[in-house]
Structure formats: C-alpha cells, structure tokens
Amino acid sequence: MYEDKTLICKDCGNEFVFTAGEQEFYAEKGFENEPQRCKTCRDARKNAAKPARELFDAVCARCGGPAKVPFKPREGRDVFCSECFAAMKAEQE
C-alpha cells in the first residue's frame with residue numbers, strides 16, 4: 001500500500017527517504033503532513049531546546065582516574081568512571 005518516498009529536508013537540503021513503514025506509522029497516528037526534515041535535522045532541532053547538561057569532575061573510587069558525572073559528588077559517596085561502572089555492572093550479572 002505504501003511505497004518509500006524521497007523527500008528534501010527543508011533545513012539542510014539533503015534528500016532523505018520517508019519509508020513505507022514510517023508512512024504507515026504516520027497514518028496510524030493520524031498525522032496528515034509528511035516530515036519536512038531529515039532525521040539528523042530533526043534530532044538537532046529537538047536537542048537545541050534542551051539545556052546543556054552540567055557535568056561535574058570527580059575521581060573514580062575504583063581506578064583513581066578522572067570521571068565526569070551528571071550529579072554533584074557528595075562527601076563519603078563513591079563515584080566511578082564510566083568504564084569502572086560498566087565493569088562493576090557486568091560483574092554483578
């Protein structure tokens with residue numbers, strides 16, 4: 001019923017494919033207009049509205065290396081870098 005369509009992004013001017021599956025999804029949701037932006041430009045537009053995430057510097061309690069975390073570290077609470085955190089999570093499984 002639906003066929004892939006090639007559309008032009010109104011922001012960057014590049015061509016992108018509006019797939020048959022996406023068209024079916026749009027129809028199910030009751031959307032009447034086709035997308036006007038490619039996925040890259042849609043994502044950039046969504047993220048532009050979000051405030052920049054503040055990261056805090058910390059020292060990893062496991063390896064002693066530098067770590068950036070999205071919360072303010074508190075005294076007496078261990079903080080781990082992403083590599084050590086992932087390794088600890090894998091060890092628990």
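This text follows the structure it describes.
Computed from a predicted model, the values in this text were never measured in an experiment. (Residues numbered from 1 in each chain as written. Predicted model: local features only at pLDDT ≥ 70, side-chain atom pairs only at ≥ 80, totals over all residues. Heavy atoms only, no water.)

## Remarks on the environment of E34
Here comes step 1: As for its placement among the helices and strands, E34 is situated in the loop between α1 (20-29) and α2 (39-48).
Here comes step 2: Considered as a pair, E34 and V17 are 17 residues apart in the sequence and their alpha carbons are 11 Å apart.
Here comes step 3: Once you skip the residues sitting within four places of it in the chain, E34 turns out to touch K5, L7, F18 and Y26.
Here comes step 4: Polar side-chain contacts of E34 include one of 2.4 Å to the side chain of K5. (Helix = DSSP H or I, 4+ residues; strand = E, 2+ residues; numbered from the N terminus. Contact = heavy atoms within 4.5 Å. Polar contact = N/O pair within 3.5 Å; in protein donor to acceptor, adjacent residues only side chain to side chain.)

## Some thoughts on the packing of aromatic side chains
Here comes step 1: If you walk through the whole model with that rule in mind, you get three aromatic pairs.
Here comes step 2: Judged by centre distance (5.1 Å) and plane angle (75 degrees), the ring pair of F18 and Y26 falls under edge-to-face. (Phe/Tyr/Trp six-rings, centres within 6.5 Å; stacked < 30°, edge-to-face > 60°.)

## As for the nonpolar core
Here comes step 1: Within the largest apolar cluster, seven residues are counted, these being L7, C9, F16, F18, Y26, C38 and C41.
Here comes step 2: When near neighbours in sequence (up to four residues on either side) are disregarded, F16 contacts K5, T6, L7, I8, C9, P35, Q36, R37 and C38. (Core = buried A, V, L, I, M, F, W, Y, C linked by side-chain atoms within 4.5 Å. Buried < 20%, exposed > 50% of the residue type's maximum accessible area, 1.4 Å probe, protein only.)

## Some details on the pairing of strand β1 (residues 5-8)
Remember that side chains alternate between the two faces of the sheet whenever the strand is regular.
Here comes step 1: As judged from the four bridges shared by β1 and strand β2 (residues 15-18), these two strands associate in the antiparallel manner. The partner of I8 across the bridge, within β2, is E15.
Here comes step 2: Counting the residues that bridge the hairpin from β1 to β2 gives six residues, and of these G13 lies at a positive phi of roughly 80 degrees. (Pairing = 2+ DSSP bridges.)

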